[in-house]
Every structure is written in structure tokens, then in C-alpha cells.
Amino acid sequence: MIRRRRSSAPFWRYIASLGVVLGAAAAVPAPASAQPAPPARRYGTEFAIGGLVVGPMPLGSASADYVAPNGGLLPLFDTDMSLAPAFGLQTHLGFRLAPRVMAEATGSWIRGNARAEVVDDFEGASGVTLSESMSRFAVEGSIVLAVAERPRSAFFLRGGAGWMQELAQGSTLAERGIIGNVGAGVKYWWRVRPPVGPQGRGHRLGLRLDGHVIVRSKGLPLGPGGLHVAPAVSSELVVGF
Amino acid sequence: MRRSLLALTLCSACLGLTAGTEAYLKLGTEVGGRIVPLRWIQQPIRYFVTNRDVSGVTAIELQTAVARAFASWSGVSTAVVSAQFAGFTGSDPFVEDAASVIGFRSRPDLEHVLGSTRFELDAVTGEILASDIFLNAAFQWSVAAGGQASRYDVESIALHEIGHLLGLSHSALGETEVLGPESRRVIAKRAVMFPIAYPAGNIDDRTLEADDVAGVSDIYSSAAFNRSFGSISGRVTLNGVGVFGAHIVAFNPGTGVTTGTFSLTSRGDFVLAGLSPGAYVVRAEPLDDADLDGFFDSTAGVNINFRPAYASKLAVVPAGGSGGTIEIRVPSK
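Residues numbered from 1 in each chain as written. Chains lettered and ligands numbered in written order. Predicted model: local features only at pLDDT ≥ 70, side-chain atom pairs only at ≥ 80, totals over all residues. Heavy atoms only, no water.

Novice: Would you mind showing me how to read the overall build of chain B here?
Specialist: In terms of helices and strands, chain B carries four helices and 21 strands. For chain B, the spread of C-alpha atoms along the principal axes amounts to about 55 × 40 × 40 Å. Element-wise, carbon and sulfur atoms account for 50% of the exposed surface of chain B, whose accessible area totals about 12000 Å². In chain B, the 25 positive side-chain charges and the 33 negative ones have mean positions that sit 5 Å from each other. (Helix = DSSP H or I, 4+ residues; strand = E, 2+ residues; numbered from the N terminus. Areas by Shrake-Rupley, 256 points an atom, 1.4 Å probe, with all protein chains shown as cover. Lys, Arg positive; Asp, Glu negative; His and termini not counted. Charge placed at Lys NZ, Arg CZ, Asp CG, Glu CD.)

Novice: What should I look at first to understand the overall build of chain A in this one?
Specialist: Scanning chain A from N- to C-terminus turns up one helix and 10 strands. N-terminal to C-terminal, the α/β element order of chain A is α-β-β-β-β-β-β-β-β-β-β. Per-residue burial over chain A gives 46% buried out of 241 residues. Taking the intrachain contacts of chain A between residues at least 6 apart in sequence as the baseline, contacts between residues at least 24 apart amount to 69%. (Buried < 20%, exposed > 50% of the residue type's maximum accessible area, 1.4 Å probe, protein only. Contact = heavy atoms within 4.5 Å.)

Novice: How should the packing of aromatic side chains be read in this particular structure?
Specialist: The description of an aromatic ring pair uses the distance of the two centres, along with the angle that the planes make with each other. Taken as a whole and assessed by the stated rule, the structure comprises 10 aromatic pairs over all chains. Ring centres 5.7 Å apart and planes at 90° place the aromatic pair phenylalanine 139 of chain B and tyrosine 152 of chain B in the edge-to-face group. In this pair, phenylalanine 139 of chain B is assigned in the loop between strand E8 (128–136) and strand E9 (141–142) and tyrosine 152 of chain B in strand E10 (residues 152–153), connecting sequence segments 13 residues apart. Chaining the aromatic ring pairs together yields one cluster made of Tyr47, Phe70, Phe85 and Phe88 of chain B. Residue placement shows arginine 204 of chain A over the ring face of tryptophan 189 of chain A; its charged tip is 4.0 Å from the ring centre. (Phe/Tyr/Trp six-rings, centres within 6.5 Å; stacked < 30°, edge-to-face > 60°. Lys NZ or Arg CZ within 6 Å of the ring centre and 35° of its normal.)

Novice: Explain the pattern of salt bridges here, please?
Specialist: Any two side chains of opposite charge can pair if their charged atoms end up close together. Inspection of the entire model under this criterion finds 24 salt bridges over all chains. Between lysine 187 of chain A and glutamate 46 of chain A there is a salt bridge; the shortest N-O distance is 2.7 Å. Taken as a pair, lysine 187 of chain A in strand E8 (residues 173–193) and glutamate 46 of chain A in strand E1 (residues 45–54) lie far apart in primary sequence, 141 residues in all. The residues lysine 187 of chain A and glutamate 46 of chain A share a single accessibility class, namely buried. Residue glutamate 209 of chain B is joined to arginine 190 of chain B by a salt bridge in which the shortest nitrogen-to-oxygen separation is 3.6 Å. Remark: arginine 190 of chain B occurs in the loop between strand E12 (183–189) and helix H3 (210–219) and glutamate 209 of chain B occurs in the loop between E12 and H3; sequence separation between them is 19 residues. Using a relative accessible area of 22% as the deciding quantity, one classes glutamate 209 of chain B as partly exposed. In this structure, a network of salt bridges that share partners links the residues Glu104, Arg158, Arg208, Asp210 and Glu236 of chain A. (Salt bridge = Lys/Arg side-chain N within 4 Å of Asp/Glu carboxyl O.)

Novice: It is not clear to me how helix H2 (residues 154–165) of chain B should be interpreted in this structure. Could you clarify?
Specialist: Because each turn of an α-helix spans 3.6 residues, side chains separated by three or four positions in sequence point in the same direction. Residues and elements named next belong to chain B. Look at H2: 16 Å from first C-alpha to last across 12 residues, which is about the 16 Å you get at 1.5 Å a residue. Among the 12 residues that make up H2, 12 are buried, leaving the element largely enclosed by the rest of the structure. Along H2, the residues that are buried comprise Val154, Glu155, Ser156, Ile157, Ala158, Leu159, His160, Glu161, Ile162, Gly163, His164 and Leu165. Downstream of H2 by one or two residues, glycine 167 has phi in the positive range, about 115°. (Expected span 1.5 Å × (residues − 1).)

Novice: Help me out: how do you make sense of the pairing of E8 of chain B in this one?
Specialist: Across a regular strand the side chains alternate sides, sitting on one face of the sheet and then on the other. Residues and elements named next belong to chain B. With eight of nine residues buried, E8 lies mostly within the body of the structure. The pairing of strand E6 (residues 101–105) with E8 spans four bridges and is classified as parallel. Note that in E8 the partner of glycine 103 across the bridge is phenylalanine 134. As paired strands, strand E7 (residues 115–122) and E8 are joined by seven bridges and run antiparallel to one another. Opposite phenylalanine 119, over in E8, you have serine 131 as the bridge partner. Count of turn residues in the E7/E8 antiparallel hairpin: five residues, of which glycine 126 carries a positive phi of about 80°. (Pairing = 2+ DSSP bridges.)

Novice: What am I meant to see in the packing of helix H1 (residues 59–74) of chain B against H2 of chain B here?
Specialist: When two helices pack together, their arrangement is given by the angle between the helix axes and the distance between those axes. All names here are of chain B. The geometry of H1 relative to H2 is characterised by a closest axis approach of 8 Å and an angle of 50° between their N-to-C directions. The angle between the axes of H1 and H2 places the two elements in the oblique class. Both H1 and H2 take part in a crossing whose hand is right-handed. For the pair H1 and H2, contact is made by Leu62, Ala65, Val66, Arg68, Ala69, Phe70, Ser72 and Trp73 and by Val154, Glu155, Ala158, Leu159, Ile162, Gly163 and Leu165, respectively. Of the residues belonging to the contact of H1 with H2, the class tally is 11 nonpolar, two polar and two charged. (Axes fitted to C-alpha atoms, helices over the stretch in contact; angles between N-to-C directions. Parallel < 35°, antiparallel > 145°, perpendicular 65-115°, else oblique. Left-handed = near helix turned anticlockwise from the far one by under 90°. Nonpolar A, V, L, I, M, F, W, Y, C, P; charged D, E, K, R; others polar.)

Novice: Got a minute to help me understand H3 of chain B in this structure?
Specialist: The buried fraction of H3 of chain B amounts to eight of the 10 residues, a majority that puts the element mostly inside the structure. Along H3 of chain B, the positions that sit buried rather than exposed are Asp211, Asp212, Ala214, Gly215, Val216, Ser217, Asp218 and Ile219 of chain B.

Novice: For this particular structure, what's the right way to read the interface of chain B and chain A?
Specialist: A common measure of how large an interface is: the accessible area buried when the components associate. Chain B puts 38 residues into the contact, and the matching count from chain A is 36 residues. Taking both partners together, chain B and chain A bury about 2900 Å²; carbon and sulfur atoms supply 64% of that area. Summed over the shared surface of chain B and chain A, the result is three salt bridges. Between lysine 313 of chain B and glutamate 132 of chain A there is a salt bridge, and its shortest N-O distance comes to 3.8 Å. Counting across the interface, chain B meets chain A through nine residue pairs in polar contact (both at pLDDT 80 or more). Elements with a minimum of two residues in the side of chain B that touches chain A: strand E11 (174–180), E12, strand E15 (247–252), strand E18 (278–285), strand E19 (309–310) and strand E20 (315–317) of chain B. Sorting elements by how many residues they give to the side of chain B that touches chain A places E18 of chain B first, with five residues. (Buried area = accessible area lost by both parts, 1.4 Å probe. Polar contact = N/O pair within 3.5 Å; in protein donor to acceptor, adjacent residues only side chain to side chain.)

In C-alpha cells, the structure reads:
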């Protein structure tokens, strides 16, 4: 059975462009008046908000089959289902558990399209790609582990899971599911106000870049069940205090 | 006179009635200038079985197979259908006696008909008062658990005929090839209510398909059905003009279920009910895999001069409602 895959080149070009822009932003020199960053433990809470881009998520293939007298299957047509690249917003609220470990609550919303590529029609109908708008709300809990910290940057690993609701055609159809994430990222602090005194709280402002893999289970019933995976990147303004 | 007799010859070479105006292809009759669907109001449906053996099948074996077929329809969780065996009778089916009788009759003149169904209706309401089914004893029959070569399976054909008895017409979910005048062979199908049976020896039609379940659920809806299932409505057009009699297929990639209906107005309108929530690929095709008169009593308006095509977007079906209207623009042949 022929299975065709869409090219994801435009999506990856977009991601590459986003990376260049954000990388350039992160490379902007800190103000001359900036002080050396204090130890991370002095900033117990972080809040971030920004944009999220989720890559194409293949959902599997299915055939509209008739049953032949010998028990064999005759496909009337084949479908290849996916979620097209989607864009949205993401916010994090993190609490430091240990010098290198934060617990993080994440809320996100994306909007995109569910897609069905229809091919191999038994009676020769032209292949088509059908779509319908969809959106996803998700709330996740994650653990963030800082693997390398410097005065103005931190590299981290992140993993977690949570609940999601996917909507199709506005809110005509709503289905719940489970969503997980695993990935890595970097925070760059370009404005730092250190704490004053031993009990004081400082604050800092920076940029957070995050690349991760989304794992989805259930949600809109758009293809054979199981786990489905998509890449995602986000860019957020982050405040530590 | 309130009681009227309406004869249908259905299965394997068939005569259908004008379809109902919503969802699925249901049998209907004209009452007071409008089409009303045929359905039983009084349940359980009480039926008799003719007390006569034929080659390979005793009356008791026939009754047992018919009971299993009724149980399959009654077992549809989203429909409210019940039936009760009332006893054996010396009467033949198709005798006007106000009783529902199922049995064999030898009709060698009907060389392409394995069975048929006939109704007595309330001419005012369209309520089915009685319905007879005959299986054509001119063919060889079997009730063997695994089927028997060269013999048609009683339970499979009874399941199809009982679908008619409940008010369903034919489904077009299948592909056939023409073997000769008035003769077709099934290549593949996905509905017990497809008008052409599998070959002798096959027992696959003992199991209802999703399309059959959607049809009977539409007629005898349970509360769960109305709450949990939705519908797709739309229109089939050819050069901007509605297409009557187009076969509509809706496929749910999430469940793998295929369901069908027809466009039933001159505007090309259709409604496909009994669909589980999800996103559907919807396709329209000409009704060219069975004889037209197996579906519609008047075939004059049925348009088959177009090529298959898909709706321009995915159709979204919510639980207990409809996701809006879609249009399928089909190209001419």
C-alpha cells in the first residue's frame, strides 16, 4: 500500500529562521551596568510567556475497506492523517525545589489544522488533502533540571506530562487526552538585579528558548490510536524573582 | 381502509421503496402526500415460522437461525428492537393473514432472488403491522455453523431480510462486477444490507456492519444513540445543480468505520446519521454497483453521470448533533 509523506521542509525552514533570530537576540551584550549574576538559588520563582510552534504530527494511516468474499480487504481509498504545524502561546510558572531543579507548571494553546491526505481511490477519484481547523489547550507539570549554569545563562533539560483538550471546527467537537514533553533549552538573562542583603530577593529578566518533543495520546480521534509525536520549539520572555 | 398491503421483493435482486428524507436509506411510504419511514410501533415483533422442512434445513433449524438473526438486530445497543418467536405455523409467507410469517417457498422463476420481504402497513401512519419473509427454496440452503459449500447460509440471508422487515432498505457500500444480464458478482462490500449476497458457502453476512447498525439505530433510536452519535448533512452538486441518488460514503479514520447514505432530494441534500464523534472523509459516487431499482422505486431522477469526488474539507461530527453542512462538487463523466 502506498504511503506518501508530506515534506516538512517549510516548517523546518521556519524553525531555523526562528532560531537565528532568537539566537541573535540572546547574543545582545548585557548592559555595561549589569552586575554579575548571584547564585541561582536566590531566584526561587520563574514566570515565562511566549510563542510556541509545534511541528507536523503524523497520526497514522487508515483505509476505507470493503470485505471481499474470501475475507480479503478491498480499500475504497486510503487516508493519511496528521496535525499540520501549529502556532500558539505558552506560559510557565516554575518553583525552585533545589539549586538545579525546578518544578514547573505549563499552560499552552495552539491553533492549526487536522489534515487527511486521501489517495488511491478504487474508482480513480483524484487524490485530495482535506483539512479542518483544530486547537489544543494543555496543562502540564514538568521537572526542569539545570545541567550547566553560567552567570547569564543556563542550559536545562525538561520532562513532564499533563492533560489536554483538543477542539475541532471551533468547539464543535472536543476530546480530552494526555500530553507529555521531553526536551532541552537555554535561558539567557540580559537584565539582572541581584538581591540586596542576605534575605533580599533580586529579579532578572531574560529569554528562554526551548526545543522539545510532544507526545500525545487520545485527543481528537483522527487516526489509529496510540502515541503520536511532534517536535516543538518555544521562545519566551522569562522573569526570575 | 386503514390496513394496506405493500409488497417488496428485496435481497439479491431487489425492489426498494422511496427513501425517507433523512439519514440512511430507510424504507418509506407515502402518507397524505408525504413520505413517512416504515417502522414497527408495537414491540416485541411477534413472528411465526412455517412448519415445513426443505432440503438441508428443517423447520426447527430455520427457526433457530432466524432467532439468531433477530438476536443480532436486537443486540444493537443503540437501537430498541425486540422480537419474539410466536410458534410454528402451517401458513406460508406472503399470505395476507395479519401475521408475520417466515419460511421457505419455492420460486424457481425468481432465479436471482434468494429471499424477499413483504409488509402490511397502517395506511395512515406507515406503521408496520405485519411482515412476511420468504427464502427461495429453489436454491440450496445450509445452517451449518461454518457454512457449507454451494449452499446459501440461512442466517446470513435471514439477517438481511429481517433488516428489511425492520424498515431498512439497501445499502450501497460495496463493489460489484457485471456477469451477465441481471447478474452481478460481489467483489467486496461492507454492509449486510448490500443488495447482493456473498457467494454460496460464505457466512460473513451473519455479522452486522457499522452501516447496518447506524441504519437500524436511526429508525429505532435509543436514548444513548441520540446522546452519543451525531450526523453529517450536506449537498451533492454537479455544475451547481443538485444530484439526486448519489451514494455518499463517510469514513472515520479514527475508528475505521465506513457508513453510507444517498442524496435524496433534487437539490442533492443528504443527511447521514448514526456517526460516532470524529472527523470524517466524505465521498460521493454514482450508484452504479447494483441495479437502481434495488434502491429507488422510481429511477428516472437518479443521476449516475458523474465521477466520484470528495468533500472539500473534513466533516466534523459532534456527539448528539451535526457539525454543519458540507458540499461535494462532483465532476461530470
